[in-house]
Amino acid sequence: MNSSLLGLLFAVLIAIRTPIFLTLGGLALLMFWIDGEPLISLAQIVVDHLNSETLVAIPFFVIAAAFMTEGGVAKALIDCANAWVGRVRGGLAIVCVVATTIFAAICGSSVATAMAMGAILIPAMNRQGYDKRFSLGIVGASGTLGILIPPSLAFIVYAVIAEESVPRLFLAGVIPGLLQAGMFIAIALFYAYKRGYPKGEPLTRDEFIAVNLHALPALSVPVIVLGGIYSGIVTVTEAAGLAALAALLTSVVFYRECTVKDIIPVMARGIKSTAAIVFIILTAMAFGHWITGSGLPQKLVEFAAESQMKPWMFLVFVNILLLFLGMFLEVFAIMLIALPILLPILDSLGINLIHFAVVMTINMELALLTPPVGLNLFVLSSVSKEPMSEVVKGIIPFVIALFVLLIIVTYIPQVSLWLPNLIYGS
Amino acid sequence: MKLSAVYEKGIEWIAGACAMIALCIVCSEVFLRYFFPMLLPDWGREIVIYLFAWAIMLVGGLLIKDDRHVRADLVNELFPQASLKYFDVVVALIGIIFCVALTWFGVKTVIFAKTFEEISDSSIQFPMYLFYLCLPVGMLFMSLHYVNSLVKAIQTILGGVSVQQEADHE
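Residues numbered from 1 in each chain as written. Chains lettered and ligands numbered in written order. Predicted model: local features only at pLDDT ≥ 70, side-chain atom pairs only at ≥ 80, totals over all residues. Heavy atoms only, no water.

Draft legend 1. Representation of the overall build of chain A. From N to C terminus, chain A includes 21 helices and zero strands. Taken against the 2.2 N^0.38 rule, which gives 22 Å for 426 residues, the C-alpha radius of gyration of chain A at 22 Å falls within 12% of a compact globule. With the C-alpha coordinates of chain A rotated into their principal frame, the extents come out at 75 × 45 × 45 Å. Residues classed as buried in chain A amount to 61% of the 426 residues present. Intrachain contacts of chain A at a sequence separation of at least 6 include 79% that bridge at least 24 residues. Charged side chains of chain A number 20 positive and 22 negative; the gap between the two group centres comes to 14 Å. (Helix = DSSP H or I, 4+ residues; strand = E, 2+ residues; numbered from the N terminus. Rg over C-alpha atoms; globule rule 2.2 N^0.38 Å. Buried < 20%, exposed > 50% of the residue type's maximum accessible area, 1.4 Å probe, protein only. Contact = heavy atoms within 4.5 Å. Lys, Arg positive; Asp, Glu negative; His and termini not counted. Charge placed at Lys NZ, Arg CZ, Asp CG, Glu CD.)

Below you can see the structure in the form of structure tokens.
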């Protein structure tokens, strides 16, 4: 079967709402059969990739995110951020960005971040007279930090496919993540002064200390995770396990929003969310195995070499492609479909794979915010009970900022590479 | 309690318990490595992988039931609602073919590993067929869920109930 027919079949399956794992798995099965490869190898590819240590980090981080979302952590972080930055004009909007950045350093999932923060901050901002669109926009856009600020599920999935170092990838996301948070704070301040949003109430010294002490268990989680990884005390998988344990204890023992009875059900919910990602990973691996064997990536590499494509041109093309895919597909689906095809070309053009991971992740952040399929848009619409159109209108200034960040990160690789190179050497 | 509810609760409980045991193993490994390194077993990590593999494969069927497998919903905007029920039939058929194939070849992988007595490299020499078994078991559950989806989709077509009406009803 030629590649254009395969591409057409792929598009048709996606269009008729076939789950992504089934599209990739079904096509892999068909192609193995047509090529006369033994079909048992498909089952072996699936179990071989299931037997992966890096993959184990995903359920632990997802379980940590589940406890963080349901366990009262978001409120503690918001109160803490409010104590520090709430007194300036538009304080609650800045609190949103700061608290979301810290929450992102705990949980690794954009959707969980937007859900946890949105449930508390949107009603609070509405009460203080913030424009509804603005509050929806800032929560939704800040929520995307979940996959850029380490620990990030997107980086772990990328590491599995590209066989890159997870700690390096995590470090590469730090400066772009902080840059993004800085841009969002600037937008928040601009609108706050333009529209006269209120300042927060100052706290007494005792209140300030109490709020910070209350947030301490939640703040200890990123310290355990990132401190553990970068001090070399624990591996990424162990750090993920410790994050899940810390999140469990924080939710059940300190904030008591979860009870002992909730532990197993919350973990089961975490496993279900993980399974939705892992099924795509496994079938994408099988599909990628066929694609590699078919010689398609090699043909694309030859095409790139013959057309004398420069790395910057290729990055423009990839950014456009990913933005387009991001309008219709979910984050992990895009990564898992595109990466096996893109990796050999990136290699041949000499594009650093750590740098590309950050470029791809910012594209994925945009994918979370661009209609018709943007998960953060759905989450915010459901949390706030506002129509999707309101959320989309609110998100526009932040999407523009993300485009600017994407251009900066794409064409200045040092923004992503400086920190990992400083710590681990180039 | 209905049988389906018992099955669902049972699977969720097993998946949650697997995750809890895996969490205990990983955390105790970190503790042992720093305080009692001589007691650190060499099999902890592989058991964690097997537990998660089983948990993930078992909940695959529930994701079909809850419609939580990721897909592009662009079609909702592009096609009339009436066409969705026909697409559901096609998707369920593809699901049945894929899951039955993986069940069949998964069983073959298990038999292969059992015949050649494939074991893990660690000191417990874990029989690998028990790990590989998660694939055919999970895929069998998923096949059954896709059969259920197919029956529902056909009933919807025969009964003249649109997917949207059904969703509204639910």
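Draft legend 2. Geometry of the nonpolar core. All names here are of chain A. Counting 226 residues, the largest nonpolar core has Phe60, Ile138, Tyr158 and Phe356 as its most contacted members. The greatest single-element share of this core, amounting to 18 residues, is contributed by helix α14 (residues 263-294). In this structure Ile138 touches Ala93, Cys96, Val97, Met125, Phe184, Ala188 and Phe398, once residues within four positions along its chain are discounted. (Core = buried A, V, L, I, M, F, W, Y, C linked by side-chain atoms within 4.5 Å.)

Draft legend 3. Representation of unusual backbone geometry in the model. Of note, the bond from Pro150 of chain A into Pro151 of chain A is cis; its omega dihedral lies within 30 degrees of zero at -5 degrees. One can find Pro151 of chain A in the loop between α8 (132-143) and α9 (153-162). Backbone geometry places Glu163 of chain A, a non-glycine residue, at a positive phi of 55 degrees. Along the chain, Glu163 of chain A falls in the loop between α9 and α10 (166-172). Overall, Glu163 of chain A belongs to the exposed group, its relative accessible area being 69%. A positive phi angle is found at Asp67 of chain B, which is not glycine, with a value near 55 degrees. Along the polypeptide, Asp67 of chain B turns up in the loop between α2 (44-65) and α3 (75-78).

Draft legend 4. Local environment of the interface of chain A and chain B. On the chain B side, the residues contacting the 59 residues of chain A number 61 residues. Of the roughly 5200 Å² buried between chain A and chain B, counting both surfaces, carbon and sulfur atoms make up 79%. At the boundary of chain A with chain B, the tally comes to six salt bridges. A salt bridge links Glu238 of chain A to Arg45 of chain B; the nearest nitrogen and oxygen atoms lie 3.0 Å apart. Across the chain A-chain B interface, the total number found is nine residue pairs in polar contact (both at pLDDT 80 or more). (Buried area = accessible area lost by both parts, 1.4 Å probe. Salt bridge = Lys/Arg side-chain N within 4 Å of Asp/Glu carboxyl O. Polar contact = N/O pair within 3.5 Å; in protein donor to acceptor, adjacent residues only side chain to side chain.)

Draft legend 5. Inspection of the environment of Lys310 of chain A at higher detail. With respect to the helices and strands, the residue Lys310 of chain A is situated in the loop between α15 (296-306) and α16 (311-328). Each C-alpha atom, one on Lys310 of chain A and one on Asp79 of chain A, is 49 Å from the other, the two residues being 231 residues apart in sequence.

Draft legend 6. Local environment of the pattern of salt bridges. Counted according to the given criterion, the structure contains 14 salt bridges over all chains. Here Asp131 of chain A ties to Arg195 of chain A by a salt bridge, and the two come within 3.7 Å at their closest N and O atoms. In this pair, Asp131 of chain A sits in the loop between α7 (110-127) and α8 while Arg195 of chain A sits in helix α11 (residues 174-195), placing the two residues 64 residues apart along the sequence. For Asp131 of chain A, a relative accessible area of 33% puts it in the partly exposed group. Assessed through its relative accessible area of 40%, Arg195 of chain A is described here as partly exposed. Across the pair Asp66 of chain B and Lys272 of chain A runs a salt bridge whose closest N-O atoms are separated by 3.3 Å. Of this pair, Asp66 of chain B sits in the loop between α2 and α3 while Lys272 of chain A sits in helix α14, which puts the two residues in different chains. Taking relative accessible area as the criterion, Lys272 of chain A reaches 7% and is therefore assigned buried. Overlapping salt bridges, with partners in common, bring together Glu53 and Glu238 of chain A together with Glu29, Arg33 and Arg45 of chain B in one network.

Draft legend 7. Quick look at a nonpolar patch on the surface. Residues Ile233 of chain A together with Phe31, Tyr34, Phe35, Phe36, Met38 and Leu39 of chain B make up a contiguous nonpolar surface patch of roughly 780 Å² in combined accessible area. As for its position among the elements, Phe35 of chain B is in helix α1 (residues 3-35). By relative accessible area, Phe35 of chain B is classed as exposed at 55%. (Patch = residues over 30% accessible without salt bridge, like charges linked within 9 Å, V, L, I, M, F, W, Y side chains within 5 Å. Areas by Shrake-Rupley, 256 points an atom, 1.4 Å probe, with all protein chains shown as cover.)

Draft legend 8. Layout of the packing of helix α17 (residues 331-349) of chain A against helix α18 (residues 353-369) of chain A. Residue and element names in this part refer to chain A. Two elements in contact, α17 and α18, have axes separated by 11 Å at closest approach and are oriented at 150 degrees. Considered as vectors, α17 and α18 are oriented roughly antiparallel to each other. Here α17 and α18 pass one another in a crossing that is right-handed. Packed against α17, whose contacting residues are Val331, Ile334, Met335, Ala338, Leu339, Leu342, Leu343 and Leu346, the element α18 presents Leu353, Phe356, Met360, Met364, Ala367 and Leu368 at the interface. Considering only residue class, the contact of α17 with α18 consists of 14 nonpolar, no polar and no charged. (Axes fitted to C-alpha atoms, helices over the stretch in contact; angles between N-to-C directions. Parallel < 35°, antiparallel > 145°, perpendicular 65-115°, else oblique. Left-handed = near helix turned anticlockwise from the far one by under 90°. Nonpolar A, V, L, I, M, F, W, Y, C, P; charged D, E, K, R; others polar.)

Draft legend 9. Representation of α2 of chain B within the structure. Residues and elements named next belong to chain B. The end-to-end C-alpha distance of α2 is 33 Å, a good match for the 32 Å that 22 residues give at a rise of 1.5 Å each. Burial of α2 is extensive: 20 of the 22 residues sit out of reach of the surface. Note on α2: the residue one or two positions beyond its end, Asp67, has a positive phi of about 55 degrees. (Expected span 1.5 Å × (residues − 1).)

Draft legend 10. Seen up close, helix α20 (residues 388-411) of chain A. All names here are of chain A. Taking 1.5 Å as the rise per residue, α20 with 24 residues should run 34 Å; its terminal C-alpha atoms sit 33 Å apart, in good agreement. Taken as a whole, α20 carries its principal kink of about 45 degrees at Ile396; the proline Pro397 stands between one and four residues after it. Against α8, α11, α16, α18, α19 (375-384) and α21 (414-424) lie the buried residues of α20. (Bend = angle between axes of the 7 residues up to and from the residue.)

Draft legend 11. Fine view of the packing of aromatic side chains. For the structure on display, the rule yields 20 aromatic pairs over all chains. Measuring from centroid to centroid gives 5.0 Å for Phe60 of chain A and Phe52 of chain B, while their planes differ by 85 degrees, and the two rings are edge-to-face. On the criterion of chain membership, the pair formed by Phe60 of chain A in helix α4 (residues 53-70) and Phe52 of chain B in helix α2 is interchain, its members lying in two chains. Each ring, one from Phe134 of chain A and one from Tyr197 of chain A, has its centre 5.4 Å from the other, and the planes form 40 degrees; the classification is tilted. (Phe/Tyr/Trp six-rings, centres within 6.5 Å; stacked < 30°, edge-to-face > 60°.)

Note that every value here comes from positions in space, so none of it alone points to a role or purpose.
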